[in-house]
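Structural features, examined
Residues per chain, in single letters:
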Amino acid sequence: MAIKATFRIIGWILGGAALTTTAMAAPDAAPLIDRAQVDQAGLNLYWQRSLPLQEDETLLRMNRLEENLYLLTTQGRVITLDAATGVYRWAAVVGGPKIRVFGPTHGPDLVYFATVQGTQARDRVNGDLIMRWDKDYTPSGPSATDGQMLYNGTIMSRLIALRLKDMQILWEVGVKGLVTSAPILIGPNLYFVDQSGHIYAANKEDKTRLWEAQTTGPVAAAPAVHGDRMFVASMDQSLWCFELATGRTLWRRRMPTPLPDAPRATDSSVYLPVLNRGVSSIDPRTGDVNWYRPEVVDLLAELDGQVWLLGERGNLIGCDKTDGRIRREIPCQADLHVANDVDDAIWVATTRGRVVCIRPKNAGFLRYQSAQRARARQTPVNSQSTAESSEQAATPDPAPRSPVDYLRSPEGVLPIGGNRAGAESSEAGR
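Cut-offs and rules
- Residues numbered from 1 in each chain as written.
- Predicted model: local features only at pLDDT ≥ 70, side-chain atom pairs only at ≥ 80, totals over all residues.
- Heavy atoms only, no water.
- Helix = DSSP H or I, 4+ residues; strand = E, 2+ residues; numbered from the N terminus.
- Buried < 20%, exposed > 50% of the residue type's maximum accessible area, 1.4 Å probe, protein only.
- Contact = heavy atoms within 4.5 Å.
- Areas by Shrake-Rupley, 256 points an atom, 1.4 Å probe, with all protein chains shown as cover.
- Polar contact = N/O pair within 3.5 Å; in protein donor to acceptor, adjacent residues only side chain to side chain.
- Phe/Tyr/Trp six-rings, centres within 6.5 Å; stacked < 30°, edge-to-face > 60°.
- Lys NZ or Arg CZ within 6 Å of the ring centre and 35° of its normal.
- Pairing = 2+ DSSP bridges.
- Axes fitted to C-alpha atoms, helices over the stretch in contact; angles between N-to-C directions.
- Salt bridge = Lys/Arg side-chain N within 4 Å of Asp/Glu carboxyl O.

**Some thoughts on the overall build of the protein**
A tally of regular secondary structure across the protein gives 5 helices and 34 strands. Evaluated residue by residue, the protein yields a buried proportion of 52% over its 430 residues. In the protein, once contacts between residues fewer than 6 apart in sequence are set aside, the share between residues at least 24 apart is 45%. Element-wise, carbon and sulfur atoms account for 50% of the exposed surface of the protein, whose accessible area totals about 19,100 Å².

So this is what it looks like as structure tokens:
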């Protein structure tokens, strides 16, 4: 029975085969959002662009990590844009048609992607392939790394620690279900959740277990960590809040349906997508529901006194953060979005390759150090993590760049790192 279950899991990750083609499709020229309505909402259409996709290729997922915006396609390609400007950085083949790609995951200089075919690491700036690893284990989800070690769940219900300098597995630990979300690294500690609903905290160096907790149902979504708390959405129809230092359950909020989607935690609220019931704003201290909106599906970003949410029709809905009352609504045809709980930018896209970034008027240059400061806000659990967090928080921003009107720049603007013309062709021949 266990062997059959393992093969079912592998089949689910691999999916079916699909035909590929090198013909290029015309980029989506239809406007994704009306600039005038964005302006009336007190926002600025910060940048927009259309991505040339191959025939029958569409965008599947969009992720933002620090300075990069990663757009994964149905052909296993990743197209990387500068998140602040929309300028093209690089493109690479990281998987294949219908092969599920886990990640991206950032290390200090590299970005990691994993599939059932193995793990690869690329330079974050130019996309150069630095490492490919296809031995010893098959990933079950995205990894986490501190630049020295890579931590990953496997399809054999284990978590492994891989030393990057010599690609040796230093330790592994058995868990009660697949680890399908990225482990979380904070100071010397490692936190991870498996599908059975168990939550673990361990020392990242030697796997010493600090604590273990559990929900009363399976967990399908990634947890959220903010401050000294971890928030876990469970299929037992509950959002759980655990104390990060001890694993003690601080509160549990029952909802009307199972919770397959990840919570989003900010300083003021935990935004929880509830299956077929919209999004609830929950007080992170008490678990009380502040308000809920039935016509939305996920968080986009908090801007000033408003929270912007993605509507069921792909429209943008601005609500009062305190009571949830709708203040603004912008028609939009977005298929993809970034749930941004770090700073003040909204990224939405269509599957045909139209991407836009929206920010408040008069907003300064978007710096990825805001993500580092957000991590530093997490309360460390010992003196070592305190020192690390203080060092991160004190990292100065680089000198401001010269102002450039990227919205009116020609499409021929040189990419940041790498060569536009050769980026994809070089990958095809690897």
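Still more to cover.
**Considerations on the side chain of D320**
Relative to the helices and strands, D320 is located in strand 30 (residues 316–320). One polar contact links the side chain of D320 to the main-chain amide nitrogen of T322, over a distance of 2.7 Å.

**Looking at the packing of aromatic side chains**
Inspection of every chain in the model, using the stated rule, returns 8 aromatic pairs. Their ring planes at 40° and their centres at 6.0 Å tell us that F231 and W251 sit as a pair that is tilted. Of this pair, F231 sits in strand 21 (residues 229–234) while W251 sits in strand 23 (residues 249–254), and the two are 20 residues apart along the sequence. Across the pair, exposure class does not vary: F231 and W251 are buried alike. R359 extends its terminal NZ or CZ atom over the ring of Y46, reaching a point 4.9 Å from the ring centre.

**Considerations on the sheet that holds strand 19 (residues 209–214)**
Read from one edge of the open sheet, 4 strands run 16-17-18-19, paired in antiparallel fashion. Each edge of the sheet is formed by a strand with only one pairing partner; in this case those strands are strand 16 (184–186) and strand 19. Each neighbouring strand pair of the sheet contributes to a mean axis angle of 15°, computed without reference to strand direction. Examined bridge by bridge, strand 16 and strand 17 (residues 189–193) share 3 bridges and lie antiparallel to one another. The residue of strand 17 that forms the bridge with I186 is N189.

**Structural notes on the pattern of salt bridges**
For the structure on display, the rule yields 23 salt bridges. Note that E57 and R77 form a salt bridge whose closest N and O atoms lie 2.9 Å from each other. On the criterion of sequence distance, the pair formed by E57 in the loop between strand 3 (53–54) and strand 4 (59–65) and R77 in strand 6 (residues 77–82) is long-range, its members being 20 residues apart. With a shortest N-O distance of 3.1 Å, D146 and K204 are connected by a salt bridge. With a gap of 58 residues between them, D146 in the loop between strand 12 (144–145) and strand 13 (149–154) and K204 in the loop between strand 18 (198–203) and strand 19 connect regions that are remote in the sequence. Owing to a relative accessible area of 24%, D146 belongs among the partly exposed residues under this scheme. Among the residues examined, K204 registers a relative accessible area of 12% and is labelled buried. The network of salt bridges with shared partners includes E66, E67 and R124.

**A look at the sheet that holds strand 6**
Taken in spatial order, the 4 strands of this open sheet run 4-5-6-7, and their pairing is antiparallel. Of all the strands in the sheet, the pair left with one neighbour each is strand 4 and strand 7 (88–93). Neighbouring strand axes in the sheet, compared pairwise and without regard to direction, differ in orientation by 20° on average. Pairing of strand 6 with strand 7, which is carried by 5 bridges, proceeds in the antiparallel orientation. Residue V78 lies in a different strand from strand 7, and its bridge partner there is A92.

**Some words on the pairing of strand 14 (residues 158–163)**
When strand 13 meets strand 14, the two strands line up antiparallel, connected through 6 bridges. Within strand 14, the position partnered with N152 by the bridge is I160. The hairpin formed by strand 13 and strand 14 contains 3 residues between the paired strands, and S157 there has a positive phi angle of roughly 55°. Relative to strand 15 (residues 168–174), strand 14 runs antiparallel, the two being bridged by 6 bridges. The residue of strand 15 that forms the bridge with R158 is G174.

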